[in-house]
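Coordinates in review
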Amino acid sequence: MEIFPRILMKFSANPHCCTDYLGRKNNITICAISSLPKSSPKRNKWIQTVLGRGRSEGQIFWSRQANSRFEPLRLEIKVFGSHIIIDLLNIMSAADVLQSIQYTRGSFKVLDQLKVPHELVYRDIESVKDAVDAIKTMQVRGAPLIAMVGCLSVAVELHNGQKDLTDNQLLMKYLDDRINSLILARPTAVNMRKEGQKLLEQVKEWSAESNDSSVLRSRVIEYCETLLKLDLADNIAIGNVGAEAILNTGKLTDGRATVLTHCNTGSLATSGVGTALGVIRALHQQQKLEHVFFTETRPYNQGARLTSFELLHEKIPSTLICDSAASWLMRTKNVSAVVVGADRVTRNGDTANKVGTYQLAVTAKHHNVPFYIAAPFSSIDPSIESGDGIVIEQRSSDEVTSIGGIRIAPIGVSVWNPAFDVTPAELITGIVTEKGIFTPDELRTKL
Ligand SMILES: CSC[C@@H](O)[C@@H](O)C(=O)COP(=O)(O)O
């Protein structure tokens with residue numbers, strides 16, 4: 001029976017596939033292993049059902065990890081009298097496909113997203129400088145992933161070198177400098193700033209506890225590594241909360257939702273299953289997704305290049321549209337909801353996200369389609385009152401005048417290329433987080 005976890009680890013990042021595989025191999029069907037919110041009436045029904053086919057007999061349990069701050073992610077299965085415990089976090093982070101990050105202590109690689117979907121090429125990140133370069137050139141992108149790559153680059157640099165940082169003060173100065181350079185790599189997303197500042201505060205506390213800089217160094221490395229697992233857990237919680245909200249909108253087709261999303265917010269934008277795309281994955285796993293439409297997301301085409309790749313890979317029913325087709329889609333296709341990610345949410349709920357988000361929110365309002373932001377708390381910036389305080393990154397004109405290296409606009413044309421825009425809070429139906437869903441007004445009370 002020990003073979004099961006190994007098969008599962010190898011097979012897929014997708015828990016649905018894992019059970020499917022386990023079922024097919026062993027003549028049993030496990031109905032669902034999605035971690036639905038505790039309040040969901042479906043939860044118990046789902047998690048305790050093991051249907052028999054052929055010689056099948058078994059039981060399935062969820063167990064809460066001690067001190068876990070999120071929904072249980074350990075699956076226990078009893079089949080034919082044997083007992084298997086599967087750590088879903090390990091399964092999902094051990095996937096050999098569509099991983100934006102490959103990290104083991106001392107070794108760190110990121111998927112070069114500039115080459116996706118044509119090639120899956122990983123580049124080594126040996127230093128913070130490498131990470132800053134990968135972030136600036138958009139080899140890695142997406143707010144949570146930028147923070148993860150930044151923090152893990154600190155971990156790998158500290159593990160493999162920086163041996164002259166022999167006292168706590170030197171180490172703290174080093175961390176301050178490195179984190180600052182990571183924060184400045186791309187200014188709009190707040191996740192790197194928040195994770196970096198949390199780390200620096202933590203380091204101050206640890207430094208007061210012990211003068212041994214090697215202890216401090218190890219703690220920093222472990223802290224950064226833990227962020228990976230937390231990000232995945234947050235994504236799964238966001239997925240389930242968002243799916244439930246969308247299913248409650250009432251705008252369904254035979255009980256299933258049709259969703260529109262923008263940019264890429266999936267496993268290529270996080271270290272987990274994604275935020276807005278995590279919601280879509282959760283709907284699909286619950287067999288409650290009628291269809292997902294997604295925009296190409298000019299000028300950088302994160303939708304056409306990356307989201308399509310993820311959706312095709314998981315066989316999620318999906319259709320790519322031009323950015324300019326969104327209003328007509330809402331008028332003609334019974335869209336249940338729009339769900340997008342966030343790079344920064346301010347105190348009043350104004351939300352910076354990939355340019356084009358604002359116009360989706362305006363047209364969603366016009367067509368009476370609920371508009372959701374799906375984002376972890378690390379994307380929420382309580383230090384800024386409203387969207388007016390957000391710095392919007394301006395990018396090169398080449399991204400607009402060329403596609404795939406081929407120039408489409410005449411030389412000399414003037415270009416305005418903001419990478420993000422700000423959607424005002426009044427256009428946002430709900431902000432879906434790992435802690436639940438909030439209206440912009442409710443969110444303020446949670447900060
Ligand atoms: C979970 S990703 C959320 C946002 O970061 C995403 O929607 C987005 O705008 C990404 O922009 P990008 O320029 O590709 O980094």
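Because the structure is a prediction, the values reported are computed rather than measured. (Residues numbered from 1 in each chain as written. Predicted model: local features only at pLDDT ≥ 70, side-chain atom pairs only at ≥ 80, totals over all residues. Heavy atoms only, no water.)

1. Some points on the UniProt feature "active site" (unreviewed entry) in the protein chain
Under the UniProt annotation, "active site" (unreviewed entry) lies at Asp-343. Among the secondary structure elements, Asp-343 is positioned in the loop between β12 (337-340) and β13 (344-346). Owing to a relative accessible area of 7%, Asp-343 belongs among the buried residues under this scheme. Ignoring anything within four residues of it in the chain, the contact list for Asp-343 reads Ala-143, Thr-188, Ala-189, Val-190, Asn-191, Ala-352, Asn-353, Lys-354, Ser-379 and Phe-420. (UniProt positions renumbered as here; feature names shortened; annotations may be inferred. Helix = DSSP H or I, 4+ residues; strand = E, 2+ residues; numbered from the N terminus. Buried < 20%, exposed > 50% of the residue type's maximum accessible area, 1.4 Å probe, protein only. Contact = heavy atoms within 4.5 Å.)

2. A few points about the environment of Arg-444
Note that Arg-444 resides in helix α15 (residues 440-446). Between the alpha carbons of Arg-444 and Arg-347 there is a distance of 5.7 Å; along the sequence they are 97 residues apart.

3. Topic: the pattern of salt bridges
One pass over the structure, following the stated rule, counts 18 salt bridges. Between Glu-310 and Arg-281 there is a salt bridge, and its shortest N-O distance comes to 2.8 Å. Here Glu-310, found in helix α11 (residues 302-313), pairs with Arg-281, found in helix α10 (residues 276-285); they are 29 residues apart in sequence, far enough to count as distant. In this structure Arg-281 comes out as buried when scored by relative accessible area, which is 5%. Note that Glu-393 and Arg-395 form a salt bridge whose closest N and O atoms lie 2.6 Å from each other. Salt bridges sharing partners connect three or more residues here, namely Arg-186, Glu-393, Arg-395 and Glu-399. (Salt bridge = Lys/Arg side-chain N within 4 Å of Asp/Glu carboxyl O.)

4. Considerations on the pairing of strand β10 (residues 289-295)
Residues in a regular strand project their side chains so that they alternate between the two faces of the sheet. Burial runs high along β10: 6 of the 7 residues are buried. When strand β9 (residues 257-261) meets β10, the two strands line up parallel, connected through 5 bridges. Looking across to β10, one finds that Ala-257 is bridged to Leu-289. Remark: the β9/α10/β10 crossover connection has right-handed handedness. Direction of pairing for β10 relative to strand β11 (residues 318-321): parallel, over a ladder of 4 bridges. Looking at the pairing, Val-292 lines up with Ser-318 of β11. Chirality of the crossover, the property in question, places the unit of β10, α11 and β11 among those that are right-handed. (Pairing = 2+ DSSP bridges. Right-handed = clockwise from strand over helix to strand, strands pointing away.)

5. Quick look at the site of the ligand
By nearness alone, 18 residues border the ligand, and Arg-141, Gln-302, Asp-343, Asn-353 and Lys-354 come closest of all. Between the ligand and the protein, one listed contact pairs an oxygen atom with a side-chain N or O atom of Arg-141 at 2.8 Å. Lys-354 is positioned such that a nitrogen or oxygen atom in its side chain is 2.7 Å from an oxygen atom of the ligand. Protein coverage of the free-state accessible area of the ligand, which is 410 Å², stands at 100%. Comparing atom positions with the cavity grids shows the ligand to sit within the largest cavity. Considering only residue class, the shell around the ligand consists of 7 nonpolar, 7 polar and 4 charged. (Near = heavy atom within 4 Å. Polar contact = N/O pair within 3.5 Å; in protein donor to acceptor, adjacent residues only side chain to side chain. Areas by Shrake-Rupley, 256 points an atom, 1.4 Å probe, with all protein chains shown as cover. 1 Å grid on protein atoms, 1.4 Å probe; cavity = no way out; pocket = protein on both sides within 12 Å on 5 of 7 lines; lining within 4 Å. Sits in = over half its atoms within 2 Å of the grid points. Nonpolar A, V, L, I, M, F, W, Y, C, P; charged D, E, K, R; others polar.)

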